[in-house]
Amino acid sequence: MAGRFADKVVVVTGAGSGLGRASARHLAAAGAHVIVVDIDGAAAERVVRELPTPSIAVAADISDEAAVDEYMAAAVDAYGRIDHYHLNAGIFGSFAALPDLPLADFERVMAVNVRGQFLGLRAAFRQFRAQGGSGSIVVTGSIAGLTGSADLLAYQTSKHAVHGLVHGAAVYGGPLGIRVNAVAPGIVPTELFAAAASTTGGKNDMERRASTTPLRRAGTAEEIAAVAAFLLSDDAAYVTGQIVSADGGATVVNTVRPAGGAGAWDTAAVDDAMYGPEWKGAVER
């Protein structure tokens, strides 16, 4: 199949749904053989059946070292090499406020979003070394890793860490001809947030929140996939170590200027929902 990824072999993690599924479909449409990795093996198989190129599905928990070795071995057994990686898998974790956030929830998010990405990066570098060649890697970061908020603390922390991994891996990989970048999505409604469909700051108000970005809308998984594919491709041959925001302009907004929404939100309503009456006396003092 013709295309800019013709006969290339690409690993995409978290590819059973959402951003990963869109990435797998985009890359396969451009000619790639895709290793569709997901903790849900049945979902991975369904995605493979959608793809126009010969591809394989692998069920794997990306936070588990042995499982990462297994999906790498499956890819090499099937195609003999791996050219590119989109390390996309991640979870969002708990919306609990800082004093109420269980340690187990925090550690689970860090295990998947940070340890999992580290293991994927390490495996990719080991495979490039074994092949005696170079290639490119894209990690899914987030605009949550560029700024701060009072909720989704574990997720936010993990994405700051992911961006650090990208920077360090890019510096190490540069002299080897290995490029490492991240795409940092903004508000993109996907299955990742389905479990928080009724939670403020979850899926139920994504469209409303996205309407405050300069583009005045939420993004799509396909738009994020296109950015990831660009970063993986030779069109980005001189791009490495970058965190590329695909966020409708959300991160460039100055929120204390009128055009950025200054004064347009009710701080009392936000604070009451966030902190509750038990904090009110302390705040007023």
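One can find the structure itself at the top, above this paragraph.
Note that the structure is a prediction, hence the values are computed from the model and not measured. (Residues numbered from 1 in each chain as written. Predicted model: local features only at pLDDT ≥ 70, side-chain atom pairs only at ≥ 80, totals over all residues. Heavy atoms only, no water.)

## Some remarks on the packing of helix α3 (residues 65-79) against helix α4 (residues 103-131)
Put simply, α3 and α4 touch, their axes get as near as 10 Å, and they point 40 degrees apart. The pairing of α3 with α4 is recorded here as oblique in orientation. You can see that α3 and α4 cross each other, and the crossing is right-handed. Taken together, the residues of α4 that come into contact with α3 (itself represented by E65, V68, Y71, M72 and V76) are L119, G120, R122, A123, A124 and Q127. (Axes fitted to C-alpha atoms, helices over the stretch in contact; angles between N-to-C directions. Helix = DSSP H or I, 4+ residues; strand = E, 2+ residues; numbered from the N terminus. Parallel < 35°, antiparallel > 145°, perpendicular 65-115°, else oblique. Left-handed = near helix turned anticlockwise from the far one by under 90°. Contact = heavy atoms within 4.5 Å.)

## Points about α4
Each full turn of the α-helix corresponds to 3.6 residues, which orients residues three or four apart in the same direction. A rise of 1.5 Å per residue sets the reference length of α4, with its 29 residues, at 42 Å; its end C-alpha atoms lie 40 Å apart and thus fit the reference within 8%. The axis of α4 is deflected most strongly, by about 35 degrees, at A111. (Expected span 1.5 Å × (residues − 1). Bend = angle between axes of the 7 residues up to and from the residue.)

## Overview of the sheet that holds strand β6 (residues 178-185)
Here we have seven strands laid out as an open sheet, ordered β3-β2-β1-β4-β5-β6-β7, and parallel in their pairing. Of all the strands in the sheet, the pair left with one neighbour each is β3 (56-59) and β7 (243-246). Across the sheet, the axes of successive neighbouring strands diverge by a mean angle of 20 degrees, strand direction being ignored. In the sheet, strand β5 (residues 135-140) pairs with β6 via six bridges, with the strands oriented parallel. The residue of β6 that forms the bridge with G135 is I178. Against the sheet, α4 engages β4 (84-87), β5 and β6, with an angle of about 175 degrees to β5. Across the sheet, helix α5 (residues 153-173) lies against β5, β6 and β7, angled at about 160 degrees from β6, the strand it touches most. (Pairing = 2+ DSSP bridges.)

## So, the pairing of β3
Pairing geometry for strand β2 (residues 33-38) and β3, over four bridges, is parallel. Pairing of V37 across the sheet is with V58, part of β3. One crossover worth recording links β2 to the parallel β3 by way of helix α2 (residues 41-50), and it is right-handed. (Right-handed = clockwise from strand over helix to strand, strands pointing away.)

## Some words on the pairing of β6
Along any regular strand, the residues point their side chains to alternate faces of the sheet. Along β6, eight of the eight residues are buried, which leaves the element largely enclosed by surrounding structure. Burial of the side chains of β6 extends over both faces: I178, V180, A182 and A184 are buried on one face and R179, N181, V183 and P185 on the other. For the segment spanning β5, α5 and β6, crossover handedness is right-handed. As paired elements, β6 and β7 share four bridges and run parallel to each other. Looking at β7, one finds that A184 is bridged to S245. (Buried < 20%, exposed > 50% of the residue type's maximum accessible area, 1.4 Å probe, protein only.)

## Observations concerning the pattern of salt bridges
Inspection of every chain in the model, using the stated rule, returns six salt bridges. Residue D235 is joined to R4 by a salt bridge in which the shortest nitrogen-to-oxygen separation is 2.7 Å. Highlighted residues: D235 in the loop between α7 (221-232) and β7 and R4 in the segment before β1 (9-13), separated in sequence by 231 residues. The partner of R122 in a salt bridge is E65, and the shortest N-O contact between them spans 2.5 Å. Taken together, the residues R122 in helix α4 and E65 in helix α3 connect sequence positions 57 residues apart. A residue is classified by how much of its surface remains accessible, and E65, at 43% relative accessible area, is partly exposed. One connected set of salt bridges, linked through shared partners, spans R21, R25 and E50. (Salt bridge = Lys/Arg side-chain N within 4 Å of Asp/Glu carboxyl O.)

## Digging into the environment of V9
With respect to the element layout, V9 can be found in strand β1. Under the relative-accessibility criterion, V9 is labelled buried at 1%. Sequence spacing of V9 and R129 is 120 residues, and the spatial spacing of their C-alpha atoms is 16 Å.

## A word on α7
Compared with the 16 Å implied by 1.5 Å per residue over twelve residues, the 17 Å span of α7 between its first and last C-alpha is a close match. Of all the residues in α7, the buried ones are A221, I224, A225, A228, A229, L231 and L232. The buried residues of α7 occupy an angular sector of 160 degrees when the element is viewed end-on, so they sit on one face. Contacts made by the buried residues of α7 are with β1, α1 (18-29), β4, β5, β6 and β7. (Arc of directions from axis to C-beta.)

## Topic: the environment of D61
Following the sequence through the fold, D61 ends up in the loop between β3 and α3. Its relative accessible area of 25% is what places D61 among the partly exposed residues. Polar side-chain contacts of D61 include one of 2.7 Å to the side chain of S63. (Polar contact = N/O pair within 3.5 Å; in protein donor to acceptor, adjacent residues only side chain to side chain.)

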